[in-house]
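Close look at the chain arrangement
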Amino acid sequence: MLKVGLTGGIGTGKSLIAKIFTLLDIPVYIADLKAKKLMNTNSDIREQLIQHFGIQVFDSDSNLDRGYLAKIIFNQPEALQKVNEIVHPVVRADFASWCLKYSKYPYVIQESAILFDTGLYKIFDKIITVTADKEIRIKRIIKRDLTTRELVEERMKNQLEESIKIEKSDYVIFNNLELVLPQVIKIDAFLRSLSKS
Ligand SMILES: CC(C)(COP(=O)(O)OP(=O)(O)OC[C@H]1O[C@@H](n2cnc3c(N)ncnc32)[C@H](O)[C@@H]1O)[C@@H](O)C(=O)NCCC(=O)NCCS
Ligand SMILES: Nc1ncnc2c1ncn2[C@@H]1O[C@H](COP(=O)(O)OP(=O)(O)OP(=O)(O)O)[C@@H](O)[C@H]1O
């Protein structure tokens, strides 16, 4: 079974593309969601987060205080690296066991904004990058999250340049004004034929 990575910076449209692949009956592992779930439920992660960032990292209901952690890590590269070191190995193991459930499918996808940034891309047979112009991405995220330009740019600064991702990818989906559905259908057809060969 092929393992495919789906990546792209904040606001490029990864979630939208992931939904289309799901509609094409392809299992998709959303790393962001899984990471958040594991940060709330995995005791090793919880203990290490508390050890490094204090008890305030969880709120009074014992849920991760995302705003608190975001404020720390997206301004301090060392803190971001520490969180990545704590969380990513657990997500990696979780993905490996998740894949076992889908061995009958032609391929599976992991969606993550930071596949190249973290070196995780190496475990995938093929990588798809979704890309869009910076201004369009900023406007879409401000509208989606009711956030500010500054906060979106802060996250962008912590992610690899789009051009590097594009260069390292097998397939690129352009999501400015282009139609995305035909692009996804074409890539899906390639991947299905690859899985048969
Ligand atoms: C700091 C947290 C709690 C903020 O949560 P919040 O709901 O505000 O943002 P969300 O998770 O939706 O992230 C929005 C975007 O920020 C960017 N982002 C998230 N984590 C990272 C990271 N480790 N490095 C760079 N960019 C990141 C991505 O573009 C992501 O799509 C959360 O981002 C987090 O826990 N990150 C660390 C875990 C992680 O690396 N997750 C990514 C997939 S494994
Ligand atoms: N082609 C498009 N036209 C209009 N709006 C779009 C388009 N593609 C995505 N969007 C909107 O832009 C926003 C960002 O898209 P999406 O959530 O898919 O991005 P993402 O890459 O998953 O972002 P993040 O990294 O923050 O998770 C969403 O509100 C989505 O509905």
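Only a predicted model underlies this, so the values are computations on that prediction, with no experimental measurement involved. (Residues numbered from 1 in each chain as written. Chains lettered and ligands numbered in written order. Predicted model: local features only at pLDDT ≥ 70, side-chain atom pairs only at ≥ 80, totals over all residues.)

Comments concerning the domain arrangement of the protein
Annotation of the protein at the domain level lists domain 1 (1-27 + 110-197) and domain 2 (34-101). Placing the centre of domain 1 and that of domain 2 at their C-alpha centroids yields a distance of 22 Å. In this assembly, seven residues from domain 1 lie in contact with seven residues from domain 2. Of the residues contributing to the side of domain 1 that touches domain 2, the split by class is one nonpolar, three polar and three charged. (Domains from an automatic or database assignment. Contact = placed C-beta atoms within 7 Å. Nonpolar A, V, L, I, M, F, W, Y, C, P; charged D, E, K, R; others polar.)

Remarks on the sheet that holds strand 2 (residues 28-30)
Strand order in this open sheet of five strands is 2-3-1-4-5, and the pairing throughout is parallel. Of all the strands in the sheet, just strand 2 and strand 5 (171-174) have a single pairing partner and so form its edges. Strand after strand, the sheet turns through a mean of 20 degrees between neighbouring axes, direction not considered. (Pairing = 2+ DSSP bridges. Helix = DSSP H or I, 4+ residues; strand = E, 2+ residues; numbered from the N terminus. Axes fitted to C-alpha atoms, helices over the stretch in contact; angles between N-to-C directions.)

Side note on the nonpolar core
Ile17, Phe21, Val87, Ile109 and Ile128 are the most contacted members of the largest nonpolar core, which totals 30 residues. Here the element with the most residues in this core is helix 5 (residues 77-100); it accounts for four residues. The residues that make up this core include at least three from each of domain 1 (1-27 + 110-197) and domain 2 (34-101). Leave out the neighbours within four places in its chain, and isoleucine 109 touches Val4, Leu6, Ala18, Phe21, Ile26, Val28 and Tyr29. (Core = buried A, V, L, I, M, F, W, Y, C linked by C-beta atoms within 7 Å. Buried ≥ 20, exposed ≤ 12 C-beta atoms within 10 Å, placed from the backbone.)

Let's talk about unusual backbone geometry
Of note, the phi angle at aspartate 25 is positive, near 70 degrees, even though the residue is not glycine. With respect to the secondary-structure elements, aspartate 25 resides in the loop between helix 1 (14-23) and strand 2. The phi dihedral of serine 62 falls on the positive side, at around 70 degrees, and the residue is not glycine. Relative to the helices and strands, serine 62 is located in the loop between helix 3 (43-53) and helix 4 (66-73). Look at serine 62 and you get exposed, because 8 C-beta atoms sit within 10 Å.

Topic: the site of ligand 2
Surrounding ligand 2, one finds Gly8, Ile10, Gly11, Thr12, Gly13, Lys14, Ser15, Leu16, Ala113, Arg140, Arg144 and Asn175. Residue assignment for the shell around ligand 2 shows that the elements contributing at least two residues are helix 1 and helix 7 (134-145). Examining the composition of the shell around ligand 2, we find that three residues originate from one element, helix 1, more than from any other. (Near = placed C-beta within 6 Å.)

Regarding the site of ligand 1
Neighbouring residues of ligand 1: 22 residues in total, closest Ile10, Ala35, Arg66, Ala70 and Ala113. Put simply, the parts of the chain that give the shell around ligand 1 at least two residues each are helix 2 (31-41), helix 4 and helix 5. Of all the elements, helix 5 adds the most residues to the shell around ligand 1, at six residues. Here the shell around ligand 1 is composed, by residue class, of 13 nonpolar, five polar and four charged. The residue makeup of the shell around ligand 1 includes at least three contributed by each of domain 1 (1-27 + 110-197) and domain 2 (34-101).

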